[in-house]
Amino acid sequence: MMNVTFFQQLVDSISERGRELIGWGERGSSALDIQTLCNDLLSGRGEASGVALADEVFQIYAELDIADRQDFFRYLAESLNANPDKVLAAADAYRADPSPARLLALHLAAEPQRQELLRRLNRASGGTANLVRMRSDLLKLLPDFPELKVVDDDFFHLFSSWFNRGFLVLRRIDWQTPAALLEKIIKYEAVHEINDWPSLRRRLAPDRRCFGFFHPALVDEPLIFVEVALVKSIATQIQPLIDREQKELDPARADTAVFYSISNCQHGLKGVSFGNFLIKQVVAELQQELPQLKHFVTLSPIPGFMRWLNNERRTEHSSVLSDAQRTLLEQLDAPEKCGRTKNDAGQHAALQTELLSLAAYYFLQAKNPTGKPLDPVARFHLGNGARLERINPEADLSAKGLRQSAGMMVNYAYVLADIERNHEAYANDNTVVTTSAVRKLLRSDAASATTK
């Protein structure tokens with residue numbers, strides 16, 4: 001942190017000197033609009049004046065209302081494209097002489113000016129954090145203004161390089177961590193809400209671990225944080241893991257580490273991959289500290305299951321559901337009546353059996369256009385080299401758990417010796433590595449089409 005702070009102070013001093021060189025006093029550019037400043041920043045000024053300009057762009061942007069921010073992004077989309085004539089000329093030159101130098105010239109000509117503007121804005125003090133926030137604003141506008149996607153493409157392209165795995169730092173978070181960062185853990189928890197400080201303290205108890213991945217440019221802003229429970233045997237229900245009254249276990253007696261919450265913290269980095277072996281690093285960290293641990297598994301939500309299932313139920317000629325299944329699934333429309341009395345216990349058990357079968361189908365055969373599983377959490381863990389271990393019924397009976405997955409959760413297993421092989425099978429062939437127990441959940445007609 002000392003090095004980062006020193007660097008920020010250095011950038012601040014350069015910015016102040018740049019303002020003097022430009023001739024600005026306090027907020028001396030207030031008469032200039034943000035587009036003029038961006039054009040000046042692209043004009044090739046020196047480093048000091050460039051830092052000052054970038055700082056000023058961010059200050060003015062922060063004061064814009066939603067309509068003005070929309071106009072700013074439209075300016076980026078329409079005014080800072082690549083020059084078509086230069087692109088065509090460079091392409092013709094490369095066609096005539098396909099040399100590395102001509103290829104580089106073509107690459108430079110084809111790059112939108114937006115990318116260079118974003119790189120120059122990144123020179124400002126706190127530039128990376130400001131750009132991440134700027135993209136967060138842009139993402140909120142995209143559903144209504146899809147023409148701005150060209151701007152997001154450039155953000156995504158640059159962020160994919162700036163936030164690659166090699167820049168991330170793993171840090172353990174505990175009760176001694178500064179309160180400002182602990183507050184962010186409460187704020188960013190996206191899987192199982194943390195309601196108060198006592199609940200957070202239980203999640204940081206001796207039989208719990210919390211790790212955050214950080215980027216040097218964002219200092220104390222976590223990108224991802226991972227919550228872990230140290231337990232005996234694989235957990236199949238979430239409530240015992242997050243109940244703040246649960247009795248603590250001596251970590252030396254634990255044989256299993258359960259990853260029960262993994263939260264992405266920065267909306268502005270949505271879709272940006274931080275690499276495929278983040279969890280492996282946490283596993284290695286835990287194994288070094290507690291060598292007696294034998295099992296490393298998740299207890300993960302299935303956020304897309306009910307959305308998929310309800311879509312199938314609405315589809316008149318669904319290839320997935322039979323008439324008998326549709327009738328059985330009607331229980332989901334009145335969950336308060338399902339399996340809560342002795343009289344309907346059998347019907348409830350039949351529903352749970354059918355839900356497990358449909359969940360197995362959802363994981364193993366329901367694919368997105370790229371051939372990968374529909375479920376985003378499944379894609380994350382399978383991409384990290386995990387094995388789909390087990391599907392657990394009635395594992396999360398909270399309102400959110402019932403709404404997302406009819407209460408089901410899933411265990412993914414991380415076996416260090418198999419992680420790279422599993423990852424390659426998934427990355428290259430879309431193979432969902434799973435267990436025979438999960439495959440057996442499929443109905444016989446569906447199982448015949450299932451891969452390993």
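The structure we're discussing is the one just above.
Residues numbered from 1 in each chain as written. Predicted model: local features only at pLDDT ≥ 70, side-chain atom pairs only at ≥ 80, totals over all residues. Heavy atoms only, no water.

Enquirer: What is the right way to look at the overall build of the protein chain in this model?
Expert: Helix and strand counts for the protein chain come out as 21 helices and seven strands. Considering only contacts within the protein chain whose residues lie at least 6 apart along the sequence, 71% involve residues at least 24 apart. Summed over its atoms, the accessible surface of the protein chain is roughly 22,300 Å², and 52% of this surface lies on carbon and sulfur atoms. (Helix = DSSP H or I, 4+ residues; strand = E, 2+ residues; numbered from the N terminus. Contact = heavy atoms within 4.5 Å. Areas by Shrake-Rupley, 256 points an atom, 1.4 Å probe, with all protein chains shown as cover.)

Enquirer: What exactly am I supposed to notice about the layout of surface pockets here?
Expert: Where empty space is left in the structure can be found by rolling a water-sized probe over the atoms. Considering only enclosed or pocket space, the largest pocket measures out at about 1,200 Å³ in volume. Around the largest pocket, the lining comprises 45 residues; the ones closest to its centre are I262, N264, P376, V377 and F380. When contributions to the lining of the largest pocket are tallied by element, the ones reaching two or more residues are β4 (256–264), α17 (376–383) and α18 (399–405). In the lining of the largest pocket, the residues fall into 22 nonpolar, 18 polar and five charged. (1 Å grid on protein atoms, 1.4 Å probe; cavity = no way out; pocket = protein on both sides within 12 Å on 5 of 7 lines; lining within 4 Å. Points joined across faces, edges and corners; volume = space filled by probe spheres on them. Nonpolar A, V, L, I, M, F, W, Y, C, P; charged D, E, K, R; others polar.)

Enquirer: What exactly am I supposed to notice about the nonpolar core here?
Expert: One recurring pattern in soluble globular proteins is that nonpolar side chains are buried together. Grouped together as the largest cluster of nonpolar side chains are 99 residues, with contacts concentrated most on F72, F73, F163, F305, L309 and F363. Considering every element that reaches this core, the biggest residue donor is helix α16 (residues 345–364), with ten residues. With near-sequence residues (within four places) excluded, F305 lies in contact with L355, L358, A359, Y362, D375, Q404, S405 and M408. (Core = buried A, V, L, I, M, F, W, Y, C linked by side-chain atoms within 4.5 Å. Buried < 20%, exposed > 50% of the residue type's maximum accessible area, 1.4 Å probe, protein only.)

Enquirer: How do you make sense of the pairing of strand β3 (residues 224–231) when you look at a structure like this?
Expert: When a strand is regular, its side chains alternate between the sheet's two faces. In terms of burial, β3 is a largely internal element, eight of the eight residues being buried. On β3, burial covers both faces: I224, V226, V228 and L230 on one face and F225, E227, A229 and V231 on the other are all buried. Both strand β2 (residues 208–214) and β3 contribute to a ladder of six bridges, which runs antiparallel. By the bridge assignment for β3, F213 is matched with I224. (Pairing = 2+ DSSP bridges.)

Enquirer: Explain the pattern of salt bridges to me, please; I cannot follow it from the model alone.
Expert: Here the idea is simple: oppositely charged side chains can pair when their charged atoms come close. Evaluation of the coordinates by the stated rule reveals 26 salt bridges. E116 is paired through a salt bridge with R120; the nearest N and O atoms lie 2.8 Å apart. Placement of the pair is E116 and R120 together in helix α7 (residues 113–121), with a separation of four residues, close to one helical turn. Classification of R120 as buried rests on a relative accessible area of 15%. Between E289 and R172 there is a salt bridge, with the nearest N and O atoms lying 3.9 Å from each other. In this pair, E289 is assigned in helix α13 (residues 278–289) and R172 in strand β1 (residues 169–173), connecting sequence segments 117 residues apart. A relative accessible area of 36% places E289 in the partly exposed class. What emerges from the salt-bridge pattern is a single network uniting D71, R74, E78 and E147. (Salt bridge = Lys/Arg side-chain N within 4 Å of Asp/Glu carboxyl O.)

Enquirer: Would you take a moment to explain the pairing of β4 for this structure?
Expert: With seven of nine residues buried, β4 lies mostly within the body of the structure. When β3 meets β4, the two strands line up antiparallel, connected through eight bridges. Within the sheet, the bridge partner assigned to E227 lies in β4 and is S261. One ladder, built from four bridges, connects β4 with strand β5 (residues 295–298); its direction is parallel. Paired with V258 across the two strands is V297, which belongs to β5.

Enquirer: How should I be thinking about the packing of aromatic side chains in this particular structure?
Expert: Aromatic ring pairs: the centre-centre distance and the angle between the two ring planes describe each pair. One pass over the structure, following the stated rule, counts 14 aromatic pairs. Aromatic side chains F72 and Y75 sit 6.2 Å apart centroid to centroid with 35° between the ring planes, which places their arrangement in the tilted category. Residue F72 and its partner Y75 are located together in helix α4 (residues 66–79), separated by three residues, close to a single helical turn. Each ring, one from F159 and one from F163, has its centre 5.7 Å from the other, and the planes form 85°; the classification is edge-to-face. We note that F159, like F163, is buried. Three or more aromatic residues joined by ring pairs make a cluster, and in this case those are F305, W308, Y361, Y362 and F363. (Phe/Tyr/Trp six-rings, centres within 6.5 Å; stacked < 30°, edge-to-face > 60°.)

Enquirer: Before we go on, may I ask you to explain the side chain of S357 in this structure?
Expert: Mapping S357 onto the fold places it in helix α16. Here L441 takes part through its backbone oxygen, which lies 3.1 Å from a polar atom of the side chain of S357. Setting aside residues up to four positions removed in sequence, S357 forms contacts with L441, L442 and R443. (Polar contact = N/O pair within 3.5 Å; in protein donor to acceptor, adjacent residues only side chain to side chain.)

Enquirer: What exactly am I supposed to notice about the packing of α7 against helix α9 (residues 149–162) here?
Expert: Pairs of packed helices are described in terms of their axes, by the angle between the two and the distance that separates them. Between α7 and α9, the least distance of the axes is 10 Å, while the angle of their chain directions is 50°. Classified by the interaxial angle, the pair formed by α7 and α9 is oblique. The way α7 lies across α9 gives a crossing that is right-handed. Within the contact between the two elements, α7 uses R114, Q115, L118 and R119 and α9 uses V150, V151, D154, F155, H157, L158 and W162. Along the lines of polarity and charge, the residues of the contact of α7 with α9 split into six nonpolar, two polar and three charged. (Axes fitted to C-alpha atoms, helices over the stretch in contact; angles between N-to-C directions. Parallel < 35°, antiparallel > 145°, perpendicular 65-115°, else oblique. Left-handed = near helix turned anticlockwise from the far one by under 90°.)

Enquirer: Even after reading the chapter, I still don't get the packing of helix α2 (residues 34–42) against α4, so can you show me in this structure?
Expert: At a minimum axis distance of 11 Å, the contact between α2 and α4 shows a crossing angle of 35°. In this structure, α2 crosses over α4, and the sense of that crossing is right-handed. Contacts between α2 and α4 pair I34, Q35, C38 and N39 from the former with D71, F72 and Y75 from the latter. Looking at side-chain class alone, the contact of α2 with α4 contains four nonpolar, two polar and one charged residues.

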